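Here are the chains, one letter per residue:
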Amino acid sequence: MKLKKLSLYFPLLALSALSLQAAAQETANQETEADESAAIETIMVTAQRKSQSLQDAAVPMLAVNQDSLTRQGLDSGQDLGRLSPSLGISPGGGPLTSIFVRGVGALTVNPLTDAAVAQNVDGVYLGRSSGAAGQALFDLERVEILKGPQGTLYGRNATGGVVNYIPEKPQLMETSGYAQVEVGNYSRVGFQGAYNAPIGDDAALRLSVNSLQRDGYSDDGTNDADTFALRAQVYYEPSEDFNIRFAADYSENSGVGQGGDLIGTFSNDSGSLTDFTPSEIALFSGPTSDAANDIRTGVLHTPSFAPYKPLSIDDLGQDLSFTGLMVELNYTTESGTFSVIPAYRKSDQEYTFVGPGFAPAKTSEENEQTSIEARFTTDFEGPFNGILGAFYFDEEIQTSGVFAQNYASPIQNYENGGDSWAVFGQGTYDISESFRINLGLRYTEDKKYVEGISDTFVTFCGGTPASGDFLTPPASFGNGCASGAMPAHPITSDRDEFIAYFVNEGLIAPDSVATIPGMGPPPAYPFTIPGNISPQIATMANVGEGFIQADLDYSETTYRIGLEYDVADSNLLYATFETGYRAGGVDLSAVSPTYDPEYIDAFTIGSKNRFLDNTLQLNLEAFHWKYDGQQVTYFTTLDSASSFPIANGDSTIQGLDIDMIWNVGINTTISGNVQFLDSTYDSLTLVSDPGRGRFGCESTGVTGAVENYDCSGESLLYSPDFGAGMAINHNIEFDKYNLTLTAQASHRSEQETNFLFVDATEAKSYTTLDLDATLMSTSGDINWTVSMFVRNATDETFVANSNVNNRGLTYAIHNPPRTFGLRLRVDFY
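Bear in mind the structure is a predicted one, so any value in this text is a computation, not a measurement.

Visitor: What's the story with the nonpolar core in this structure? I'm lost.
Guide: Inside soluble globular proteins, nonpolar side chains tend to come together where they are buried. Counting 54 residues, the largest nonpolar core has Leu80, Val143, Leu686, Phe755 and Phe757 as the members making the most contacts within it. With four residues, the top contributor of residues to this core is strand S31 (residues 616-633). In this structure Phe757 touches Tyr681, Leu684, Leu686, Gly696, Cys697, Cys711, Glu714, Ser715, Leu717 and Glu752, once residues within four positions along its chain are discounted. Counting residues in hydrophobic clusters, the runner-up holds 22 residues, among them Ile499, Phe502, Ala514 and Met540.

Visitor: Would you mind showing me how to read the state of the cysteines here?
Guide: Here a disulfide denotes one covalent bond, and it connects the sulfur atoms of two cysteines. Enumeration according to the criterion identifies two disulfides in this entry. Disulfide pairing is shown between Cys461 and Cys481; the S-S distance is 2.0 Å. In this structure the cystine formed by Cys461 and Cys481 twists about its S-S bond by roughly 85°; its chirality is therefore right-handed. Placement of the pair is Cys461 in strand S23 (residues 435-461) and Cys481 in the loop between helix H4 (475-479) and helix H5 (495-504), with a sequence separation of 20 residues. Classification of Cys461 by relative accessible area gives buried; the value is 0%. A disulfide bridge connects Cys697 with Cys711, and the sulfur atoms are separated by 2.2 Å. Taking the sign of the torsion about the S-S bond as the criterion, the disulfide between Cys697 and Cys711, at about 105°, is right-handed. Here Cys697 is found in the loop between strand S36 (685-688) and strand S37 (698-703), whereas its partner Cys711 is found in the loop between strand S38 (706-710) and strand S39 (722-734), with 14 residues between them in sequence. A relative accessible area of 0% places Cys711 in the buried class.

Visitor: Hey, could you run me through the sheet that holds strand S45 (residues 799-804) in this one?
Guide: Hydrogen bonds along the backbone pair up the strands of a sheet, which may run parallel or antiparallel. Sheet architecture is open: four strands sit in the order S17-S16-S46-S45, paired in antiparallel fashion. Lying at the two open borders of the sheet, with one neighbouring strand each, are strand S17 (276-278) and S45. Averaged over all pairs of adjacent strands, the angle between their axes in this sheet comes to 30°, without regard to strand direction. Two strands pair when backbone bridges link them, and S45 and strand S46 (residues 809-814) are joined in this way by five bridges, in the antiparallel orientation.

Visitor: I tried to follow empty space enclosed by the protein on my own but got confused; where do I start?
Guide: Sizing a probe to match a water molecule and rolling it over the atoms shows the empty space that remains. Per the counting criterion, the structure on display carries 15 cavities of 30 Å³ or more. In terms of lining residues, the largest cavity is bounded by 34 residues, among which Val109, Phe644, Asn801, Ser802 and Asn803 are the most central. Of all the secondary structure elements, the ones that give two or more residues to the lining of the largest cavity are strand S4 (87-91), strand S5 (97-101), S45 and S46. Broken down by element, the lining of the largest cavity gets its largest block of residues, four residues, from S45. Tallied by class, residues from the lining of the largest cavity come to 17 nonpolar, 17 polar and no charged. A volume near 230 Å³ is recorded for the second largest cavity. Taken together, 23 residues form the lining of the second largest cavity, with Val121, Gln135, Arg231, Asp249 and Arg345 sitting closest to its centre. Where the lining of the second largest cavity is concerned, the elements lending two or more residues are strand S10 (161-167), strand S14 (225-239), strand S15 (242-253), strand S18 (317-332) and strand S19 (336-353).

The rules we used
Residues numbered from 1 in each chain as written. Predicted model: local features only at pLDDT ≥ 70, side-chain atom pairs only at ≥ 80, totals over all residues. Heavy atoms only, no water. Core = buried A, V, L, I, M, F, W, Y, C linked by side-chain atoms within 4.5 Å. Buried < 20%, exposed > 50% of the residue type's maximum accessible area, 1.4 Å probe, protein only. Helix = DSSP H or I, 4+ residues; strand = E, 2+ residues; numbered from the N terminus. Contact = heavy atoms within 4.5 Å. Disulfide = S-S within 2.5 Å. Pairing = 2+ DSSP bridges. Axes fitted to C-alpha atoms, helices over the stretch in contact; angles between N-to-C directions. 1 Å grid on protein atoms, 1.4 Å probe; cavity = no way out; pocket = protein on both sides within 12 Å on 5 of 7 lines; lining within 4 Å. Points joined across faces, edges and corners; volume = space filled by probe spheres on them. Nonpolar A, V, L, I, M, F, W, Y, C, P; charged D, E, K, R; others polar.

These figures capture arrangement, not role.
Structure follows, in C-alpha cells:
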C-alpha cells in the first residue's frame, strides 16, 4: 500500500488524538478499582539519558526485555530486524551488517563507511556496524530501538536512529543468577547464564556467559553459528551520592559464516541486461554446492573472458573477536547527577566469504576506539530540568583485504580513522502542570583520514585496451581465453606476494614488481602463455587508484524542538522536530573519491496512552522525514571491473506507526504493531561503464566515461510499504505451575534489498509464525522453566540480502528456515 500524501497521516492522527483525549477524560472520570494483576507492566528506559517510563518518553521507540528476545529466538544484533517493521537488517559477508530504520541506513561494505544507525553497548558508542555480529543477546535488561534521528543526545551517525544494548547490572546484597540450556535442530546447542554476588554491603559482582553452536542452515555448511561471549561487572557504592561500575566484555565468532544461494543469472547481452533466468537450485543448497558451481563455471568473467572457477567450502571461514572495557561514574548533588563514561573497545576480524564474483573475498581488519562522555543531569525543584554533556571519540583501523574474483583482484591496504567531539544540551521547561516544551542543541566536529594503496589487478584477454590487443567474443574464444588455460589470481591481500606468485610460476616477466598506479612504470603484466591471435593469451593490468591519502574535516549543528501535553495522567501527546547528520568521507573509487555528508529533518506527531484501568496501551506516531544526501554504496562495473562507488541521494519518508498492548483479563495478552510507510527517492543517480549498467532505472545517457541512471521514484532499501506483527500470550495457572502459550505472527510487504531496483533482488511479501510453550514453577528459592518452541513454523523464505556481480551471477541470503527445540532454565535467588 503506497501512501502518497502526508495529509493522509496527520489528520488521521489528529482525529485519533481527539478520540483518545475523550477516552482519557472518560476513563479519568470513572471510579472503578483496577485489578493490579491485570495492569500492563511499566517499562523503564534511558533512551533520553535519564530513567523514565517508556510511556513518558516523548520519542518513538521500542523496548524489548531479555525474556522476549529469548522467546523470539534472537541470538545477536544481526537478528533484530525481526522485532519491528521499521527495522531492517542486511547481513553481508563475515561480520558485515547494515542496519536500516524506515529505509535510512547504509550498506557498510568496508571501514571507510560509517553506519547511519548508531549502536551503543552499555552506553558506549560502537564505531563500526560490524559490532552487531559481536553483540550476543544474553543477560540483558533490555534492547532499546529509537526510531528517527537522534541528533542531540546521541549525535554521531544516528541519522536513522539508535540501538541500545543495556545489560543487567550488579545488585547489592543479593546472591542470584540463572542457567539456561537450549537444544534444537541443526544440532543447535546453546548455553547462557549469570551469577550475581555481593562483595560486602556496598559492592557487587555480576558475571555472565553465553555460547552457541549450530550447524549451517545450508547443505554445504554455510550459515552456521559458533559464538562465545563473556561479561564481567563490578559495582561499588560507597555512599548514597557516589557509585562506580567497572565492566569488561569479550566475544568471539567463528565457524564458516554467511553464504548465499545462487538464485539465477542475468543476461549479458546488450539491451537485455535486466533479463533474469532463475537457477532452479534448491534454497539452502549453499554457494559452494555442485549445482551452483555448475552454473558458475559456465559464466565467463569479463574482461578476461575466462570461465569462473568453482567455489570450495574449505576457503571460507571467520575468526572475529570483540573486546570492551568501560567505567561508569555517577556523583549526585542537590542540583543533579554528574556522570562520566570512559571506554575502550577493540576488534580483530579475519574473515573470508563468497559472493557473486568473489572467489572468495578475504579481509583482515583491526579496529581500536576510545571514547569518553560526560553528562550533568539536573534535578532542580523549579519548572526547568535538562542535560548538559560533552563527547569525544577516536578510532584507528588497519585493513588489508582482497575481493578476489578469479581474474580480477581489488586489493586494499590502508589505515583510516579519525576523531569526533561534540558538546550538547537538552532541557525541558514546564509551562504548566500538563504542558512542556523541550529544546536540544548539539555541535559536532568530525575529522577523518585515510592513507594506503588501492590496487585493482584485472586480466584482459589478449592485451589491455590501450595496447590494441584487447579481444572480446568471438575473437577471445579463438585466442584461447575460455579454454581453461587462463591463470587464476592467487587469493592474497599482500600486493608484493600477489605479483611474486605470477613471477614464481613463470607466468609474467621475472623482473616484474608490484608497481603502484601513477608511480613508476605502467603497471601492465603480459602473460608468458602465448595466444592463438595475440602475442600472449592475456595481459594483467593494475587499474586501481594507487596511493590514496586524504584528511577531511566536517562540522554540523543539530537540534531538537519538542512539545509535550498530558491529556490525562496516562495519556501523552507530543510533537517533535529533530535534525540529524552523518559526516562525509573517502571512497576507493575514481568516480567518487570523496562523498558528502548526509542530513535528515524529521517531524513527528505522537501519542502514548493507557486505557481501561491500565490494561490497554495504544501508541501512535505519524512522521515525515526529509533525507538529503544519503550516502548510497552500490555495486556496479567501472573500468571493466567490479566497483563499490558511493552516490548521494535525496528522499522523502513518511508514514504512520501504531503499537498496541492489551491485557484481556489476568491471563491473556494481545500485542501488535502496524506500520504504513512511503519512502521514495526524490533524486538518485547511479553510474556504470557505458552499456554495462544492470539497473532497473532509466538511462539518461553517457557523460564522460560513465553512463548515468536516474533512479528517482524508487523505494529506499528495507522499507516495506506495510508491515505488521501480532502476538497472543495466554497463561494457564494450576497448582504450583504456570503454562504460558505464545503465538507470534509477522508480516512484511515487498521491499528492495539491492540498489539495482530489479524484481530478482526484491524481497517478496511474507508472513512468519513463531510458537512457544513454557512451563514454569512458581514456588521456592529455585524456579525452573521448560520451553518448547517452533520458529518460522510455516517455513516461509524471503531474501534478506542480495548481490549481483558484473556478469549477472546473483546470490541471495535468506532468512532462517523452520527451527524447533527445547529450552531449560533455572533461576536461583
